[in-house]
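Overview (structure and organization)
This is what each chain is made of:
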Amino acid sequence: MLKIRLRRMGARNNPFYRVVVSDSRRVPTGRAVEEIGFYDPTTEPVTLKVDTERVEYWVGQGAQLSPTVAKLVSQGAPASAPADAPAEEAAAAEQG
C-alpha cells in the first residue's frame, strides 16, 4: 500500500521534511515513488509547499495520507503566509 508521509532531512536540531509517496512497508527514509512537496517548521512563518494536484492523484490511486500530512494538507497551501494575514484582509474589507 502506498502512503503519503514525511521524510526527515536536515541536520541535527534543524529538521526539514519532504512530503513523499512511498510504500508503507519501507522505512520512511527509503526510496520514494515521488516527492510532492516540502515542510520546514524552523522558519517563521512555517514553510509548507505541497502539490495538491499530485496529492489528489495519489489518493485516487489508493494512497493514504499519514495523520501529520493530512493535518498539514487540511491547513492548506497558504500555510507559508503569516498567521495574521486573514485578519489584515478582513480589516481591509471593512474599510473598503
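Residues numbered from 1 in each chain as written. Predicted model: local features only at pLDDT ≥ 70, side-chain atom pairs only at ≥ 80, totals over all residues. Heavy atoms only, no water.

Bringing the pattern of salt bridges into the picture now. Enumeration over the complete set of coordinates arrives at 4 salt bridges. Ionic pairing is found between Glu35 and Arg7, a salt bridge with its closest N-O pair at 3.6 Å. On the criterion of sequence distance, the pair formed by Glu35 in strand β3 (residues 34–40) and Arg7 in strand β1 (residues 2–11) is long-range, its members being 28 residues apart. The class for Arg7 is buried, based on a relative accessible area of 11%. Between Glu34 and Arg54 there is a salt bridge; the shortest N-O distance is 2.9 Å. With a gap of 20 residues between them, Glu34 in strand β3 and Arg54 in helix α1 (residues 52–60) connect regions that are remote in the sequence. Residue class for Arg54 comes out partly exposed when judged on its relative accessible area of 27%. One network of salt bridges, with partners in common, ties together Arg7, Arg18 and Glu35. (Salt bridge = Lys/Arg side-chain N within 4 Å of Asp/Glu carboxyl O. Helix = DSSP H or I, 4+ residues; strand = E, 2+ residues; numbered from the N terminus. Buried < 20%, exposed > 50% of the residue type's maximum accessible area, 1.4 Å probe, protein only.)

Taken residue by residue, the protein chain gives an average pLDDT of 81. The fraction at 70 or more is 78%. Across the protein chain, element-level confidence peaks in strand β5 (residues 64–65) with a mean pLDDT of 94 and bottoms out in helix α3 (residues 85–95) with 47. A low-confidence stretch, residues 78–88 (pLDDT under 50), is modelled with 8 contacts involving residues beyond four sequence positions or located in other chains. Below pLDDT 50 for its whole length, residues 90–94 participates in 0 contacts with residues either more than four positions away or in separate chains. (pLDDT = per-residue confidence, 0-100. Contact = heavy atoms within 4.5 Å.)

The next thing to look at is the packing of aromatic side chains. Per the counting criterion, the structure on display carries 3 aromatic pairs. For the pair Phe16 and Phe38, a centre-to-centre distance of 5.9 Å together with 20° between the ring planes defines the contact as stacked. Linking Phe16 in strand β2 (residues 14–23) with Phe38 in strand β3, this pair joins segments that are 22 residues apart in sequence. Assessed through its relative accessible area of 26%, Phe16 is described here as partly exposed. (Phe/Tyr/Trp six-rings, centres within 6.5 Å; stacked < 30°, edge-to-face > 60°.)

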